[in-house]
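Listed here are the chains, written in short residue letters.
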Amino acid sequence: MTAVLGVDRVSKTFGERRALSELSFTIGRGEVYGLVGPNGAGKTTLINIACAVLAPDAGTVTLNGGAATPDAHARVGVASQEVALYRDLTSEQNLQFFASLYGLNGEGRARRVRTCLAEVGLEDRSDTTVSFLSGGMQRRLHIAAAMLHEPHLLILDEPTVGLDRESRHRIWRVVRDAADHGAGVLVTTHQLEEAEALCHRIGIIHEGRLVAEGSMDELRRHVAAAELAIIDAGDLGAVRDRADQLGLTHRTALAAVAVWLPERQSLDRVAASFSGIELRSVTLKPVGLEEVVAELTGGRQSEG
Ligand SMILES: Nc1ncnc2c1ncn2[C@@H]1O[C@H](COP(=O)(O)OP(=O)(O)OP(=O)(O)O)[C@@H](O)[C@H]1O
Ligand SMILES: [Mg+2]
């Protein structure tokens, strides 16, 4: 399969600071690929290299299986982490302007502007000056501007930061629609649940290196547990001690202990294993991206 985006052993250093180390991955047609990692991990640097804003020190980027020429870049749509719009123009005027940069004109351009405004839920704000849009609306308009020319590769750097729940779900729909229509999508996020729900494959980036990648099923293998028991108790130390006695791996979760169960067990059986300790709650849950990231990056998780 031809990769819409191919990143091959890309490295980048800023002065003394190594931002990316031999990073490689590919994104296929119709695939949503998520990059997750803490602040400073190198996500935006990678995106800047993928869209030729920055040159790598080493390694290559290919688009649609070929060289990343200006023509190939014309089929890439990017919404950067910082919203970049003309604040004194209206929503529609902004999109008209960006569409003209992509070479769209006439009725085709007008149609794409209307469609993209509607896709991000701003059809009733077409005449509003950008500086009078709320922050979340500006971010949505910024994403609409990246999609005007129906790109083969859509790159969204933290597209849902600051968006309310409904807007976030709308952007997820936009991303899925683009992929369903054959685009490859590269998205970064700090919301691990979002990455889990939205992405076909996820790359975990830590200090400039891709420490793991794959589907959620593949990533789960990095945590040697069939399931997790999240146990809340008055005395969490007692829960940890019992887990140690039972030979079970455990990690500190938010105000609870996450116990790794080597095989799936009934709630009754788990509770029985911790009998004699005053338990507040026991929840069984599958291993999530949160646990995988914590395991692979030494505990630094979502900061979003
Ligand atoms: N132009 C630059 N000059 C010097 N250092 C830079 C530059 N751009 C990025 N860096 C450094 O490279 C590293 C990676 O930064 P980058 O912006 O790629 O991280 P990120 O993963 O996008 O983080 P965030 O989640 O905060 O957006 C950081 O240490 C950052 O300080
Ligand atoms: Mg960034």
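Residues numbered from 1 in each chain as written. Chains lettered and ligands numbered in written order. Predicted model: local features only at pLDDT ≥ 70, side-chain atom pairs only at ≥ 80, totals over all residues.

## A look at the overall build of the protein chain
Note the following rule: Each helix is a run of H or I in the DSSP string that is no shorter than four residues. Each strand is a run of E no shorter than two, and both are numbered from the N terminus. Exposure classification rests on a simple neighbour count of other C-beta atoms within 10 Å of a residue's own: a residue reaching 20 or more is buried, one at 12 or fewer is exposed, and one in between is partly exposed. C-beta atoms are placed from the backbone. The contact criterion used is a C-beta to C-beta distance within 7 Å, with each C-beta placed from the backbone.
Each helix and strand counted, the protein chain has eleven helices and 14 strands in total. Dimensions of the protein chain, computed from the C-alpha atoms along their principal axes, are close to 75 × 45 × 35 Å. In the protein chain, which comprises 304 residues, the proportion classed as buried is 37%. Taking contacts inside the protein chain between residues at least 6 apart in sequence as the whole, the part at least 24 apart equals 70%.

## Focus on the pairing of strand E8 (residues 184-188)
Quick reminder of the rule: Strands were regarded as paired on the criterion that DSSP finds at least two bridges between them. Here a crossover is taken to be right-handed if, once the strands point away from the viewer, the path from the first strand over the helix to the second is traced clockwise.
Of all the five residues making up E8, five are buried; the element is thus mostly covered by neighbouring parts of the structure. On E8, burial covers both faces: Gly184, Leu186 and Thr188 on one face and Val185 and Val187 on the other are all buried. As paired elements, strand E3 (residues 32-36) and E8 share four bridges and run parallel to each other. Bridging from a neighbouring strand, Leu35 pairs with Thr188 of E8. Where strand E7 (residues 153-157) meets E8, five bridges bridge the pair, whose relative direction is parallel. The residue bridging Leu156 from the neighbouring strand is Val187, located in E8. A crossover links E7 with its parallel partner E8, the connecting element being helix H6 (residues 165-180), and its sense is right-handed.

## Looking at the site of ligand 1
How we decide: Placing the C-beta atom from the backbone, one calls a residue near a molecule or strand if that atom lies within 6 Å of it. Throughout, the ten residues Ala, Val, Leu, Ile, Met, Phe, Trp, Tyr, Cys and Pro are labelled nonpolar, Asp, Glu, Lys and Arg are labelled charged, and all others, Gly among them, are labelled polar.
With respect to spatial proximity, the complete set of residues near ligand 1 consists of Phe14, Arg17, Ala19, Gly37, Asn39, Gly40, Ala41, Gly42, Lys43, Thr44, Thr45 and Gln81. If you list the elements that add at least two residues to the shell around ligand 1, you get strand E2 (17-28) and helix H1 (43-50). With three residues, the single largest contributor to the shell around ligand 1 is H1. Its residues placed into classes, the shell around ligand 1 shows three nonpolar, seven polar and two charged.

## Examining the sheet that holds E7
Paired through backbone hydrogen bonds, the strands of a sheet run either parallel or antiparallel to each other. What counts here: The convention used is that axes are lines fitted to C-alpha atoms, helices contributing only their stretch in contact, and that angles between N-to-C directions extend from 0 to 180 degrees.
Across the sheet, six strands lie side by side as E6-E7-E8-E3-E9-E10; this open sheet has mixed pairing. Of all the strands in the sheet, the pair left with one neighbour each is strand E6 (76-79) and strand E10 (209-214). Strand-to-strand twist of the sheet, defined as the mean angle between neighbouring strand axes without regard to direction, takes the value 15 degrees. Sheet topology note: the E3/strand E9 (residues 201-206) ladder contains four bridges and is parallel. Within E9, the position partnered with Val36 by the bridge is Ile204. Set on the sheet, helix H5 (residues 135-147) makes contact with E6 and E7; between it and E6 the angle comes to about 170 degrees. The strands touched by H6 within the sheet are E3, E7 and E8, with E8 carrying the most contacts at an inclination of about 150 degrees.

## A look at the domain arrangement of the protein chain
Quick reminder of the rule: Where each domain begins and ends is defined by an automated method or by a domain database.
Annotation of the protein chain at the domain level lists domain 1 (3-220) and domain 2 (227-286). Placing the centre of domain 1 and that of domain 2 at their C-alpha centroids yields a distance of 40 Å.

## Here we look at H1
Where burial is concerned, most of H1 is hidden: seven out of the eight residues are buried. The complete set of buried residues in H1 reads Lys43, Thr45, Leu46, Ile47, Asn48, Ile49 and Ala50.

## Some points on the environment of Gly135
Summarising the element assignment, Gly135 is placed in helix H5. You can call Gly135 exposed: it has 11 C-beta atoms within 10 Å. The spacing of Gly135 and Pro262 is 127 residues in sequence and 45 Å in space, taken between C-alpha atoms.

## Quick word on the nonpolar core
Stated precisely, the cut-off is as follows: Here, a nonpolar core means buried Ala, Val, Leu, Ile, Met, Phe, Trp, Tyr and Cys residues linked by C-beta atoms lying within 7 Å of one another.
One finds Ala50, Ala144, Ile155 and Val185 to be the most contacted residues of the largest nonpolar core, which totals 78 residues. Ranked by residue count, the leading element in this core is H5, at six residues. Per-domain counts for this core show at least three residues from each of domain 1 (3-220) and domain 2 (227-286). Setting aside anything within four residues of it in sequence, one finds Ile155 in contact with Ile47, Ala50, Cys51, Val76, Gly77, Val78 and Leu186.

## Observations regarding the pairing of E9
One ladder, built from five bridges, connects E9 with E10; its direction is antiparallel. Following the sheet pairing, Gly203 is matched in E10 by Glu213. What sits between the antiparallel neighbours E9 and E10 is a turn of two residues, in which Glu207 has the positive phi angle 45 degrees.

## Observations regarding the sheet that holds strand E11 (residues 227-233)
Within the open sheet, the four strands sit side by side as E12-E13-E11-E14. Their pairing is antiparallel. Two strands close off the open sheet at either side, each with one partner strand: strand E12 (250-253) and strand E14 (279-285). Across the sheet, the axes of successive neighbouring strands diverge by a mean angle of 25 degrees, strand direction being ignored. Sheet topology places E12 next to strand E13 (residues 256-261); four bridges connect them, and they run antiparallel. Residue pairing across strands places His250 opposite Val259, the latter belonging to E13. This element, helix H9 (residues 236-245), spans E11, E12 and E13 of the sheet and lies at about 15 degrees to E13.

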